[in-house]
Structure formats: structure tokens, C-alpha cells
Amino acid sequence: MVETVSENRAFGGVQGVYSHASEACACDMTFGLFLPEEARDGPVPVLWYLSGLTCTHENAMTKAGAQAWAAEQGIALVFPDTSPRGEGVADDEAYDLGKGAGFYVNAVQEPWAPHYNMWDYVAEELPALIGAEFAVDLERQAITGHSMGGHGALTLGMALPGRFTSVSAFAPIAHPTESDWGRKQLTAYLGDEGWEAHDATLLMRDDGFDGPVLVDQGSGDQFLDLLMPEALSEAMAARRQEGAFRMQKGYDHSYFFISTFMEEHVAFHAEALWAR
């Protein structure tokens, strides 16, 4: 059962926030959903936006400026949370582990395993829920994300062939098996096994994505050494992956960077979504 937290008129459509009891995460979860005006007449294509470390559903919903461009293209936007929440959900004092840092994996290690199943939540449970409750067309899905969410968008896109028409990322954690933004979290959640399935660079080298890919990275990003964009760029070139990796001069890791290029990312996905 979906409960409405809020609904606001926006760009001719509705920006909603909703909560529900999640079976995958064994807690209540909250997500944002923007439906354009066209959804009044029937299901519309959907673009997923996965957020980064420390974020909730709200950060991109209020800062990325995506709704105006989604309304122009007639597509829906989904803003999931980045981790389970609530009393009894394991956490850590560090900002990059625990709440706000689910890393889009299914944890198998304690104390994370009971709740930290963000892969199943984003890949299976939430799509089924919004498909049943809202006017979205699950035959037309695309995915994007920022930082940890860019990691999630790329890994989900490549691991679920045929699911998404297109994938894009803003400053993704590109090679987590070789980065301190990755090895720490993968060890905590997964132990010593299963890391390769959650590394975009390794997935790109092995299989690539069955559609277009767009990656934007700021050259002034303060986290470049942790993100390791060069590894993903090299893997895309070696794979001869359809798409583009763009280094944007002077941009940092903030939502000013994301909002600058959001129009292009939404248009990129809309073209692929409406072509399906």
C-alpha cells in the first residue's frame, strides 16, 4: 500500500512523495515520483535517478532541475532513497557507510543483511510498485544517477540487459573495486566475494551496455581520485561502447554541475525511450 506524503503541482504535472512498507528492505521506504501532464491520459516512459552518498530521495528532487525537462519530454522521474531508514536499521558513524550509503547492493554481511537490499529494491520491488500504482510504462525505462548513484545506474544498466533503453551518469564511482569509495563498502556489505558484479569498469570491459551511454565528469571534481573516471573511459573505448564520456572543464561534484547538464541527459534518455 502506497501512502501519499505530499503532492505538488509542477510544470503541468505532479511532483509526489510517497512511502510504503518495503519487503526487500524490511522497513518503510520513501520515494519521489514526478508525473508529467501526459500521465493523465495513460502510462508514460520513466527515467530513474539514483542519488549519491548522504542523499535521500529529496536532494535530486529539489536540486537537479530535472522536472522541467522531463515535463517537456513527457516522461516520468523516479527518485528512490539511497538506503533503508528507521529505528532498528544498522548504521555507522562514517558518512560513507550505512544510512545514506546503501551502494545499490544486496548486503550479505551482518549487521547490514537484514535491511540493506537496495539492489532488489531498485531493480525489482519499486518498479513493480510504481507500475501497479501509477501511470508509468515499464516497457520504456531509462536510468541515470550521480556519484554512488552513477555507480548504481551503470551497474544496474549493464547487469539487466533489455531493461533500460539508455544509461547515463554524473561523476560516477567508476571503479569501486580499486577505490576507497568502494572497497570499504563492498567489504562491509558483501565480504570478500561478489565485488565484480558491482564495478562499472569491470562490467563495461566484459559486456558493455546494449544501448547508448552518456557519462559527464567535472575536471574540477574534488573526488576525482576516488571516482577513477579514467578507468571507465578506457573501458568504454576498448569496448567501443555506443555513447560518450565527457570531461567537463572546471565543474565540481555538486548539484550545480548536475543541473547544468541535466537538460542534455533528459533529452538523451527521451530520445531512446520514445524510440522503443
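Positions within a chain are numbered from 1, following the residues in the order the chain's sequence is written. Residue-level local features of this predicted model are given only where pLDDT is at least 70; pairs of side-chain atoms are given and counted only at 80 or more, and the full residue set underlies all totals for whole chains, interfaces and linings. Heavy atoms throughout the structure, all of them, feed into the side-chain values; hydrogens and water do not.

Participant: When you look at the overall build of the protein in this model, what are you seeing that I'm missing?
Facilitator: Numbering of helices and strands starts at the N terminus; helices are DSSP runs of H or I of at least 4 residues and strands are runs of E of at least 2. Helix and strand counts for the protein stand at nine helices and nine strands. In terms of its C-alpha atoms, the protein occupies a principal-axis envelope of roughly 45 × 45 × 30 Å. Burial analysis of the protein (276 residues in total) assigns 60% to the buried set. Note on definitions: a residue-residue contact is assigned when non-hydrogen atoms from the two residues lie within 4.5 Å. Once local pairs closer than 6 in sequence are excluded, the contacts in the protein between residues at least 24 apart make up 72%. Surface summary for the protein: the accessible area is close to 11100 Å², and the carbon and sulfur share equals 48%. Buried means the residue's accessible area, taken with a 1.4 Å probe over protein chains only, is under 20% of the maximum for its type, while exposed means over 50%, and partly exposed covers the values in between. Accessibility throughout is a Shrake-Rupley quantity obtained with a 1.4 Å probe, and a residue counts as covered only by protein chains that appear here.

Participant: How should I be thinking about the sheet that holds strand E8 (residues 213-218) in this particular structure?
Facilitator: Neighbouring strands of a sheet are bound in pairs by backbone hydrogen bonds; such pairs are parallel or else antiparallel. Note: two strands are recorded as paired if DSSP finds a minimum of 2 bridges between them. Strand order in the open sheet made by the nine strands is E1-E2-E3-E5-E4-E6-E7-E8-E9, with mixed pairing throughout. The open sheet has two free edges, formed respectively by strand E1 (3-10) and strand E9 (243-248), since each of these has just one partner strand. Averaged over all adjacent pairs, the angle separating strand axes in this sheet is 20°, with direction ignored. When E8 meets E9, the two strands line up parallel, connected through six bridges. Bridge pairing links Val-213 to Gly-243 in E9. Each axis is a line fitted through C-alpha atoms, taken for helices only over the stretch in contact, and angles between the N-to-C directions span 0 to 180 degrees.

Participant: Honestly, helix H8 (residues 229-239) in this entry has me stumped. Any pointers?
Facilitator: Residues lying three or four places apart along an α-helix face the same way, a consequence of the helix completing one turn every 3.6 residues. Of the residues making up H8, those classed as buried are Pro-229, Ala-231, Leu-232, Ala-235 and Met-236. The arc that holds every buried residue of H8, seen down its axis, measures 160°, which confines them to one face. In H8, the exposed residues that point more than 90 degrees away from the buried face are Glu-234, Ala-237 and Ala-238. Where H8 is buried, its residues meet helix H4 (148-159), helix H6 (200-206), E8, helix H7 (224-227) and E9. Phi for Arg-240, located one or two positions after H8, is positive at around 55°. Each C-beta atom gives one direction from the helix axis, and the arc is the one those directions make.

Participant: Where do I start with the packing of aromatic side chains in this structure?
Facilitator: The geometry of two aromatic rings is summed up by the distance between their centres and the angle between their planes. Only Phe, Tyr and Trp rings are paired, with Trp represented by its six-membered ring, and only when their centres lie within 6.5 Å; those with planes under 30 degrees apart are stacked, over 60 edge-to-face, the remainder tilted. Summed over all chains, the structure comprises 12 aromatic pairs. When the centroid spacing of 6.1 Å and the interplanar angle of 50° are considered together, the rings of Tyr-49 and Phe-79 count as tilted. Placement of the pair is Tyr-49 in strand E4 (residues 44-50) and Phe-79 in strand E5 (residues 76-79), with a sequence separation of 30 residues. The class of Phe-79 is buried, set by a relative accessible area of 1%. Plain terms: the ring middles of Tyr-116 and Tyr-189 are 5.6 Å apart, the flat faces sit at 20° to each other, and that makes the pair stacked. Of the two residues, Tyr-116 is situated in the loop between E5 and helix H3 (118-133) and Tyr-189 in helix H5 (residues 180-190); the sequence distance between them amounts to 73 residues. Each member of the pair Tyr-116 and Tyr-189 is classed as buried. Through pairs of rings, three or more aromatic residues link up here, namely Phe-170, Tyr-251, Phe-257 and Phe-261.

Participant: Explain the packing of helix H2 (residues 66-73) against helix H9 (residues 255-275) here, please?
Facilitator: Each pair of packed helices can be summarised by the angle the axes make with each other and by the distance between the axes. Taken N-terminus to C-terminus, the directions of H2 and H9 make an angle of 30°; their axes are 9 Å apart at the nearest point. Considering their axes alone, H2 and H9 lie roughly parallel with respect to each other. Crossing handedness for the pair H2 and H9: right-handed. Within the contact between the two elements, H2 uses Ala-66, Trp-69, Ala-70 and Gln-73 and H9 uses Met-262, Glu-263, Val-266, Ala-267, Ala-270 and Trp-274. In this classification, Asp, Glu, Lys and Arg are treated as charged, Ala, Val, Leu, Ile, Met, Phe, Trp, Tyr, Cys and Pro as nonpolar, and every other residue, Gly included, as polar. Considering only residue class, the contact of H2 with H9 consists of eight nonpolar, one polar and one charged. Geometric relationships in this document are graded by angle, where less than 35 degrees denotes roughly parallel, more than 145 denotes roughly antiparallel, 65 to 115 denotes roughly perpendicular, and other angles denote oblique. Crossing handedness is defined as follows: a turn of the near helix away from the far one that is anticlockwise and smaller than a right angle gives a left-handed crossing, while the clockwise case is right-handed.

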